[in-house]
Amino acid sequence: MYPDSFEGFAIPAADQYTQPRRIEFKPKPFGEYDIDVKITCCGVCGSDLHTATGGWGNQNWPIIPGHEIVGTAVKVGSKVTTVKVGDRVGVGAQISACLDCPQCKEGNETYCKKQQDTYNSFYPDGTLAQGGYSSHIRAHEHFTFPIPDGLPSELAAPMLCAGLTAYSPLVRNGIGPGKKVGIVGIGGIGHFGILFAKALGAEVWAISRGTSKQADALAMGADGFLATSQPDWNTPHSMTFDMLLCTASADDGFDLSAYLSLLRVHGRFVSVGLPEGEGWRVRPMALLANGCLIGAAHLGSRQETLEMLRLAAEKGIRSWVETIPVGEKGVGEALERLHKNDVRYRFTLVDYDKQFQ
């Protein structure tokens, strides 16, 4: 067992994604910049479900998902300077990058050609990276973040992927006082979009298909709510938004042109949702009326992660989280309920001390 091997709850195959099994596995060799984290909780991300069901084409079985990790540093490499043994730290959806290319040097390490996902990726020595439904994780210092004292671990965990995925494009696109932003899709990432856009000082509108989440969105701080199932839902707000952050994970019946009509001249539609289907159809004519721009964002930098956690602690931002005890039963339940969209708005697996010594 530790420090030679870790334990975790693995998905055996795509058709058994609700039937995880405890396995023992070897981490990659320990390096001088590495930190071993004894995990205390881990968020459950939509990415975990897409991977576990094979929806994104995963062929690496068994696989242990989980990349919204909080725990305690129990071992640090000889060259680590930012963390000491005993610190509470987090690890998000990225575990490695070259840290030497132009992207990395410009604070864009998540766009590094050699960037590596926290799980379901291979280290240079051939070790398959396993995720946070585990006793421990071994992570590079650059991708291990001190957690501010003001943030409870179970609430901080989902910020390390879902929160950052919303926060980074908001700040990179200048969202703050005097800006009007729409959050499309009120789910795990979308609820963070509302929380962080409001904390940054923007006027925030939640945009969802129906009205079932309207009360929740307003309670999170949204200034208004638009239901796209209503006739002419977009007309009163034509050309008034500076940015739309699209977190939707489904593209069925998604009329992109209606959303784009909301944007001011050169306003931006930024996507962070990753539907499994073919995606939207973009009609050039839909871009012409306001010269709007379509883009995407992937996670965020170390600096943005630290800033996000600091903002959350200072502003008292609280993730909307339901906790589930980790284990074969708990992991299976979380993934099954996530598949049914039976979550508002994020799961965090807890009680790791009862499963792992």
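For the structure, check the block above.
Anyway, here's the lowdown on the structure attached to this text. (Residues numbered from 1 in each chain as written. Predicted model: local features only at pLDDT ≥ 70, side-chain atom pairs only at ≥ 80, totals over all residues. Heavy atoms only, no water.)

Section: the packing of aromatic side chains
Okay, step 1: Going through the model one piece at a time under the given rule, you end up with nine aromatic pairs.
Okay, step 2: With 6.0 Å between their ring centres and 20° between their planes, F192 and F196 make a pair best called stacked. Linking F192 with F196, this pair stays in helix 5 (residues 188–199), spanning four residues, or about one helical turn.
Okay, step 3: Judged by its relative accessible area of 0%, F192 falls in the buried class.
Okay, step 4: Between F254 and Y259 the ring centres are 4.4 Å apart and the planes differ by 5°, which places this aromatic pair in the stacked class.
Okay, step 5: A relative accessible area of 14% means that F254 is categorised as buried.
Okay, step 6: For Y259, a relative accessible area of 7% corresponds to the buried category.
Okay, step 7: Each member of the aromatic cluster is reached from another via a ring pair, and the members are Y2, F6 and F25.
Okay, step 8: For the cation-ring pair, K28 lies above Y123, with the distance from its terminal atom to the ring centre recorded as 5.4 Å. (Phe/Tyr/Trp six-rings, centres within 6.5 Å; stacked < 30°, edge-to-face > 60°. Helix = DSSP H or I, 4+ residues; strand = E, 2+ residues; numbered from the N terminus. Buried < 20%, exposed > 50% of the residue type's maximum accessible area, 1.4 Å probe, protein only. Lys NZ or Arg CZ within 6 Å of the ring centre and 35° of its normal.)

A look at the pattern of salt bridges
Okay, step 1: Going through the model one piece at a time under the given rule, you end up with 17 salt bridges.
Okay, step 2: Ionic pairing is found between R138 and D36, a salt bridge with its closest N-O pair at 2.8 Å. Pair noted here: R138 is in strand 8 (residues 136–140) and D36 is in strand 3 (residues 34–44), with a separation of 102 residues, a long-range link. For the pair shown, R138 and D36 are each scored as buried. (Salt bridge = Lys/Arg side-chain N within 4 Å of Asp/Glu carboxyl O.)

A short note on the side chain of D87
Okay, step 1: Residue placement: D87 occurs in the loop between strand 4 (69–76) and strand 5 (88–91).
Okay, step 2: Once residues lying within four places of it in the same chain are set aside, the contact partners of D87 are G71, T72 and A73. (Contact = heavy atoms within 4.5 Å.)

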